[in-house]
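Below are the chains, spelled out letter by letter.
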Amino acid sequence: MSSHALHRGAAAGPVCRSARRPAARCSVRAMATAAPPLTFSKYQGLGNDFVLVDNRHSSEPVVTPEQAIKICDRNFGVGGDGVIFALPPVGDTDFTMRIFNSDGTEPEMCGNGIRCLAKFVADLDKSQPRKYKIHTLAGLIQPELLADGQVRVDMGLPILEGPKVPTTLAPTQGTTVVQQDLVVEGKTYKVSCVSMGNPHAVIYSCDGEAIKPGACSPQPQSSHQLAGIPKPACPPSDSNGASARQIDGLDANLAALGPKFERNSVFPARTNTEFVEVLSPSHVRMVVWERGAGRTLACGTGACALVVAGILEGRIDRSQPCRVDLPGGPLQIEWRASDNRIFMTGPAELVFSGALRV
């Protein structure tokens, strides 16, 4: 499945057990009829990593959901949080985005993923910094490659009506679910529900107390650590002096707690879940459990959703952009009062390119 395995397989060639023709001749024929390897590039946005495939020659992904699961395996495949395809455009767009999660499910959109996709296509086409119109299952999304290497994405309008998120939790502000009680594992969480084309449950408090940072302590290895992405027990402060401390022990327990939210009956399409700590009206910190991918180092749509929820809860100042610290690094999120559109700015970086048999 990995590129290393491909090279080993190509060197050895297929084994021929037929006694009627020479082994060398059979080997050449077998190799000639084998499917060509899939070329790909791996990109990451704040540690949220994806296998990118140029699929613009076909309207259907060249990889099945089952194959995507194998590709995303961090021990037996390339490793990633999902496989993303650039497909032909729909209507007045530049191309189409589709994504299979690491569990084979297909989400409507991915914030970090669409930044990686825009950078991937720009690198393939050797384009100068520009803006793209990308068709997604969540509608039109418009990322713009900036001169400094960052990608700024017009994420469109948040969806706030409870049934459209979707959630069956009772609305508390008109049709919007803001700080509604949800009991999970004996604890009462205040949940605000926002869709960015995909559903999010945002949590700022539990049992009447705001989420706060806990003491740093050694944690079990995550799949990212096993893949060589370090996650120190007590991360250092960043350049702006904001510590990347873990949040109230939630990061350590996320593998057990996350699925209880993701598959809760009040979320008929399942949900992404963000646990958020407020540092200031323009600076928050979060950990995330993603629907179909589990614990990830970053979630772009989740960062957008938590800023919207924080503004609705009166915790975040809407008059200025908000810095969101994720385990993989910071994003800048702005929910404009003038037109209600949300903008996300962050990095997208090439890790490596290769080819593999699928």
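This structure is a prediction, so every number in the text was calculated from the model and none was measured.

Attention now goes to the environment of Val-178. Position of Val-178 relative to the elements: it lies in the loop between strand S7 (151–156) and strand S8 (180–184). C-alpha of Val-178 to C-alpha of Val-191: the two residues are 13 residues apart in sequence and 6.4 Å apart in space. Look past the residues within four positions of Val-178 in its chain and what remains in contact with it is Thr-172, Gln-173, Val-191, Ser-192, Leu-312 and Glu-313.

Another aspect to go through is the pairing of strand S1 (residues 38–45). Where burial is concerned, most of S1 is hidden: 7 out of the 8 residues are buried. Here S1 pairs with strand S2 (residues 48–54) via 5 bridges, running antiparallel. Residue pairing across strands places Gly-45 opposite Asn-48, the latter belonging to S2. Connecting S1 to the antiparallel partner S2 that follows it, the hairpin turn spans 2 residues, and Leu-46 within it adopts a positive phi of roughly 60 degrees.

With that out of the way, let us pick up the nonpolar core. Of all hydrophobic cores here, the largest spans 54 residues; its most connected members are Met-97, Leu-117, Met-155, Leu-306, Val-324 and Ile-333. Two domains share this core, each providing at least three of its residues, namely domain 1 (6–155 + 350–356) and domain 2 (162–340). Apart from residues lying up to four places away in sequence, Met-155 is in contact with Met-109, Gly-111, Ile-141, Met-196, Thr-301, Cys-304, Ile-342 and Met-344. With 21 residues, the next largest nonpolar core counts Leu-169, Val-184, Cys-193 and Leu-257 among its residues.

Here we take up the confidence of the model for the protein chain. Overall, the predicted model of the protein chain reaches an average pLDDT of 85, with 80% of residues at or above 70. Within the model, the stretch residues 1–32 combines pLDDT values under 50 with 24 contacts to residues more than four positions away or in other chains.

This model, assessed by the stated rule, comprises 21 salt bridges. For Arg-341, the salt bridge identified is with Asp-154, shortest N-O distance 3.0 Å. Of this pair, Arg-341 sits in the loop between strand S16 (329–335) and strand S17 (342–346) while Asp-154 sits in strand S7, and the two are 187 residues apart along the sequence. Residues joined by salt bridges that share partners form a network here, namely Lys-42, Asp-49, Arg-74 and Asp-81.

Looking now at unusual backbone geometry. With an omega dihedral of 0 degrees, the bond running from Val-165 to Pro-166 counts as a cis peptide bond. Positionally, Pro-166 belongs in the loop between S7 and S8. One non-glycine residue, Gln-179, adopts positive backbone phi at about 55 degrees. Locating Gln-179 in the fold gives a position in the loop between S7 and S8. For Gln-179, a relative accessible area of 30% puts it in the partly exposed group. One non-glycine residue, Arg-270, lies in the positive phi region at around 65 degrees.

Now for the packing of aromatic side chains. Evaluated as defined, the whole model comprises 7 aromatic pairs. Considering the side-chain rings of Phe-95 and Tyr-132, the 5.5 Å spacing of their centres and the 65 degrees angle between planes classify their relative orientation as edge-to-face. With a gap of 37 residues between them, Phe-95 in strand S4 (residues 95–101) and Tyr-132 in the loop between helix H4 (111–125) and strand S5 (134–136) connect regions that are remote in the sequence. With respect to class, Phe-95 is no different from Tyr-132; both count as buried. Arranged with centres 5.1 Å apart and planes meeting at 85 degrees, the rings of Tyr-189 and Phe-261 form a pair that is edge-to-face. Here Tyr-189 is found in strand S9 (residues 187–195), whereas its partner Phe-261 is found in helix H6 (residues 250–262), with 72 residues between them in sequence. Exposure class is identical for Tyr-189 and Phe-261. Each is buried. Three or more aromatic residues link up through ring pairs in this structure, and these residues are Tyr-189, Phe-261 and Phe-275. Lying across the ring of Trp-335, Arg-318 places its NZ or CZ 3.6 Å from the centre.

What counts and how
Residues numbered from 1 in each chain as written. Predicted model: local features only at pLDDT ≥ 70, side-chain atom pairs only at ≥ 80, totals over all residues. Heavy atoms only, no water. Helix = DSSP H or I, 4+ residues; strand = E, 2+ residues; numbered from the N terminus. Contact = heavy atoms within 4.5 Å. Buried < 20%, exposed > 50% of the residue type's maximum accessible area, 1.4 Å probe, protein only. Pairing = 2+ DSSP bridges. Core = buried A, V, L, I, M, F, W, Y, C linked by side-chain atoms within 4.5 Å. Domains from an automatic or database assignment. pLDDT = per-residue confidence, 0-100. Salt bridge = Lys/Arg side-chain N within 4 Å of Asp/Glu carboxyl O. Phe/Tyr/Trp six-rings, centres within 6.5 Å; stacked < 30°, edge-to-face > 60°. Lys NZ or Arg CZ within 6 Å of the ring centre and 35° of its normal.

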